[in-house]
Amino acid sequence: MKLPSLFLIALLSLAAAIGFWLARDADERRRVLEEAATEGTDFFLEQYAAIHMDPLGEPRYQLRGQRMEQRQADGSRWLETPVLILRYSPGATWTLRSEQGWISPAGDEVKLLGEVHIHRAAEGERGPITITTRDTTLWPGPRQAVTDAPAHLRTTYQEAEGLGLFLDLRHEILELKRDARGVYVPH
């Protein structure tokens, strides 16, 4: 075979692989939407804002977004452009944003789907933290979040990225699971 033919075959193979990888995410979202459509909706809210409470009546998290639908089959909720605000102690306010989301019927598991932005604003001596990733699962009770997707972390003096992320919001522990690399600029 001639070199231009081999190059063309390699280029088409690469394009097919990238297309398959991108389509996989779209297929998963489409599947979730189709399941939601067949389950039926109890009710929906647009331009909503809600405060979710724990069993003791203390605020667990604040949630707002464009649209929320509650499913008839199991009581789970489907979210469009959700924004979660978690306040666990004075000075520890975290904001999580995503394209779509899902909340379990008991409210003990939140899936943030699509592109996810996690931010803690600067307060006092603490600098800001910004994390960008995809498809993240949050457990409000133990105050933990996890994803297997690539994650990018930025603070005032450092920047890091890796595959997969574990975040413990209670103890402010952040762990990049694999292939982590970063830059730290001392002050």
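Anyway, here's the lowdown on the structure attached to this text. Since this is a predicted model, take the numbers as computed values, not measurements. (Residues numbered from 1 in each chain as written. Predicted model: local features only at pLDDT ≥ 70, side-chain atom pairs only at ≥ 80, totals over all residues. Heavy atoms only, no water.)

With that settled, consider the overall build of the protein. Counting secondary structure elements, the protein contains 1 helix and 10 strands. Among the 187 residues that make up the protein, the fraction classed as buried is 34%. Pairs at least 24 apart in sequence give 38% of the contacts found in the protein among residues at least 6 apart. Total accessible area on the protein is roughly 11,300 Å²; 58% of this is exposed by carbon and sulfur atoms. (Helix = DSSP H or I, 4+ residues; strand = E, 2+ residues; numbered from the N terminus. Buried < 20%, exposed > 50% of the residue type's maximum accessible area, 1.4 Å probe, protein only. Contact = heavy atoms within 4.5 Å. Areas by Shrake-Rupley, 256 points an atom, 1.4 Å probe, with all protein chains shown as cover.)

Below, the discussion takes up the side chain of His 52. Relative to the helices and strands, His 52 is located in strand 1 (residues 41-53). You can call His 52 buried: its relative accessible area is 16%.

The next thing to look at is unusual backbone geometry. For residues besides glycine, phi is generally negative; the peptide bonds are generally trans as well. The phi dihedral of Asp 135 is positive, around 40°, even though this residue is not glycine. Summarising the element assignment, Asp 135 is placed in strand 7 (residues 129-139). Residue classification places Asp 135 among the partly exposed positions, given a relative accessible area of 33%. The backbone phi angle of Asp 179 is positive, close to 50°, even though this residue is not glycine.

Little of strand 10 (residues 173-184) is tucked away, with 1 of its 12 residues classed as buried. Where strand 9 (residues 158-168) and strand 10 come together, 9 bridges link them in antiparallel fashion. Of the residues in strand 10, the one forming a bridge with Glu 159 is Val 183. Here strand 9 folds back onto strand 10, and the loop between the two strands holds 4 residues, one of which, Glu 172, carries a positive phi near 50°. (Pairing = 2+ DSSP bridges.)

The next thing to look at is the pattern of salt bridges. Taken as a whole, this structure holds 8 salt bridges when the rule is applied. Note that Arg 71 is salt-bridged to Glu 69, the shortest N-O span being 2.7 Å. Accessibility assignment for this pair places Arg 71 and Glu 69 in one class, buried. Here Arg 120 and Glu 172 are joined by a salt bridge, their closest N and O atoms 2.6 Å apart. (Salt bridge = Lys/Arg side-chain N within 4 Å of Asp/Glu carboxyl O.)

Right, let's talk about the nonpolar core for a bit. Formed by 25 residues in total, the largest nonpolar core has its most connected members in Leu 84 and Trp 94. Sorting the residues of this core by element identifies strand 2 (59-71), strand 4 (83-87), strand 5 (93-103), strand 6 (110-120), strand 7, strand 8 (144-155) and strand 9 as the ones contributing at least two each. With 4 residues, strand 6 is the largest single contributor of residues to this core. (Core = buried A, V, L, I, M, F, W, Y, C linked by side-chain atoms within 4.5 Å.)

The subject of this paragraph is the packing of aromatic side chains. Tallying each qualifying case throughout the model produces 0 aromatic pairs. In this structure, Arg 67 is placed above the aromatic ring of Phe 44, and the distance from its NZ or CZ to the ring centre is 4.1 Å. (Phe/Tyr/Trp six-rings, centres within 6.5 Å; stacked < 30°, edge-to-face > 60°. Lys NZ or Arg CZ within 6 Å of the ring centre and 35° of its normal.)

Now for the side chain of Thr 147. Within the fold, Thr 147 resides in strand 8. Take Thr 147: its relative accessible area is 3%, and that puts it in the buried class. Leave out the neighbours within four places in its chain, and Thr 147 touches Thr 133, Arg 134, Asp 135, Thr 136, Gly 164, Leu 165 and Lys 177.

Quick look at a nonpolar patch on the surface now. Residues Tyr 157, Val 183, Tyr 184 and Val 185 make up a contiguous nonpolar surface patch of roughly 400 Å² in combined accessible area. Tracing the backbone shows Val 185 in the segment after strand 10. Classification of Val 185 by relative accessible area gives partly exposed; the value is 48%. (Patch = residues over 30% accessible without salt bridge, like charges linked within 9 Å, V, L, I, M, F, W, Y side chains within 5 Å.)

Attention shifts here to the environment of Arg 178. Following the sequence through the fold, Arg 178 ends up in strand 10. Measuring from C-alpha to C-alpha, the distance between Arg 178 and Asp 148 comes to 9.2 Å, with 30 residues separating the pair along the chain. Other than its neighbours up to four places away in sequence, Arg 178 contacts Asp 148, Gly 162 and Leu 163.

These values are about where atoms sit, not about what they do.
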